[in-house]
Every structure is written in structure tokens, then in C-alpha cells.
Amino acid sequence: MSDLITSEIKFEIELDSNRVPEKLFWTAEDGGIAKEEAKAIMLSIWDSKAKETMRIDLWTKDMPVDEMKIFFHQTLVAMSDTFKRATDDEKMTNTMKDFCDYFAEKLELVK
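Residues numbered from 1 in each chain as written. Predicted model: local features only at pLDDT ≥ 70, side-chain atom pairs only at ≥ 80, totals over all residues. Heavy atoms only, no water.

As named in an unreviewed UniProt entry, the protein chain is Gliding motility protein GldC, taken from Flavobacterium ammoniigenes.

Encoded structure:
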């Protein structure tokens, strides 16, 4: 029998009176992160019983739109990489990467 190890990732959200995020912090002690400030969080959780994805998408009211576009692009690229590692589907990964390039071009993120 193996010993199980647990790890915790914690999110702390400061809200204004309308419950809009003012500040976001995250902690992952195993990764050396302690109450690090962030401007946006996208979290997807797979519910195997319901066969659906639950999501938490938060961003602070002072998150600049130009940074949000970069955040989305980098998230899409990371999802392509994760998809490749999870499925080993080279063809679809390349299609996803092509879309990421198109996305960056249309938002003028590449110079």
C-alpha cells in the first residue's frame, strides 16, 4: 500500500459590494507560491458523473483588455499542449495550434 500525498491550491478573492472581484490571490505551497496576486483565473473541473465541465472564470475589474487578450491566447496555446499530452492526437493539436496563430494574428498580438 502506498502513502498518499495531498497538495492544496487555494484561491482568495476580495470582492466589492457588488461582488465583483477587486483582487485575486493564489497559494500553492508545494510550488513555492504564497498569496501571489493575479488579475484573472480560469479553472475547469470535469464532473465525470454528469459528463460536463464546470468552470470558474474570474478577473479583476482593473484587468486591462489588452492583457486579457494575451491571457486568452496563452491559455489557448497551453490547452493545445495539454490536449497533445493527454490524447497524443497530433492532427487535432496542429489544428488547435493553427487556430491559436490565427487568434493572435487577428488580435494583432504578434509583431
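A. Fine view of the layout of surface pockets. Empty space within the largest pocket amounts to approximately 160 Å³. Mapped by element, the contributors of at least two residues to the lining of the largest pocket are β4 (40–47), β5 (52–59) and α1 (65–87). Of the residues forming the lining of the largest pocket, the biggest block, four residues, is contributed by α1. Class assignment of the residues belonging to the lining of the largest pocket gives a composition of five nonpolar, two polar and two charged. (1 Å grid on protein atoms, 1.4 Å probe; cavity = no way out; pocket = protein on both sides within 12 Å on 5 of 7 lines; lining within 4 Å. Points joined across faces, edges and corners; volume = space filled by probe spheres on them. Helix = DSSP H or I, 4+ residues; strand = E, 2+ residues; numbered from the N terminus. Nonpolar A, V, L, I, M, F, W, Y, C, P; charged D, E, K, R; others polar.)

B. View of unusual backbone geometry. One non-glycine residue, Lys-35, adopts positive backbone phi at about 45°. Here Lys-35 shows up in strand β3 (residues 33–38). The phi angle at Lys-51 is positive, at roughly 55°, despite the residue not being glycine. Along the chain, Lys-51 falls in the loop between β4 and β5. Owing to a relative accessible area of 58%, Lys-51 belongs among the exposed residues under this scheme. (Buried < 20%, exposed > 50% of the residue type's maximum accessible area, 1.4 Å probe, protein only.)

C. The arrangement of a nonpolar patch on the surface in detail. Together, Ile-9, Phe-11, Ile-13 and Leu-15 line one region of the surface with nonpolar side chains, adding up to about 340 Å² of accessible area. As for its position among the elements, Ile-9 is in the segment before β1 (10–15). Since its relative accessible area comes to 56%, Ile-9 is described here as exposed. (Patch = residues over 30% accessible without salt bridge, like charges linked within 9 Å, V, L, I, M, F, W, Y side chains within 5 Å. Areas by Shrake-Rupley, 256 points an atom, 1.4 Å probe, with all protein chains shown as cover. Salt bridge = Lys/Arg side-chain N within 4 Å of Asp/Glu carboxyl O.)

D. Here's a closer look at the pattern of salt bridges. Under the definition given, this model contains nine salt bridges. For Glu-22, the salt bridge goes to Lys-61, with nearest N and O atoms at 3.0 Å. With Glu-22 in strand β2 (residues 21–28) and Lys-61 in the loop between β5 and α1, the pair connects residues that are 39 residues apart, well separated along the chain. Two residues, Arg-55 and Asp-57, come together in a salt bridge whose shortest N-O distance is 2.2 Å. By relative accessible area, which is 59% here, Arg-55 ends up exposed. One network of salt bridges, in which partners are shared, links Asp-16, Glu-22 and Lys-61.

E. Looking closely at the sheet that holds β3. Reading across from one edge, β1-β2-β3 is the order of the three strands in this open sheet, with antiparallel pairing throughout. Bordering the open sheet on either side are β1 and β3, each of which pairs with just one other strand. Strand-to-strand twist in this sheet, taken as the mean axis angle between neighbours without regard to direction, amounts to 20°. Where β2 meets β3, four bridges bridge the pair, whose relative direction is antiparallel. Across the sheet, Ala-28 pairs through a bridge with Ile-33, a residue of β3. (Pairing = 2+ DSSP bridges. Axes fitted to C-alpha atoms, helices over the stretch in contact; angles between N-to-C directions.)

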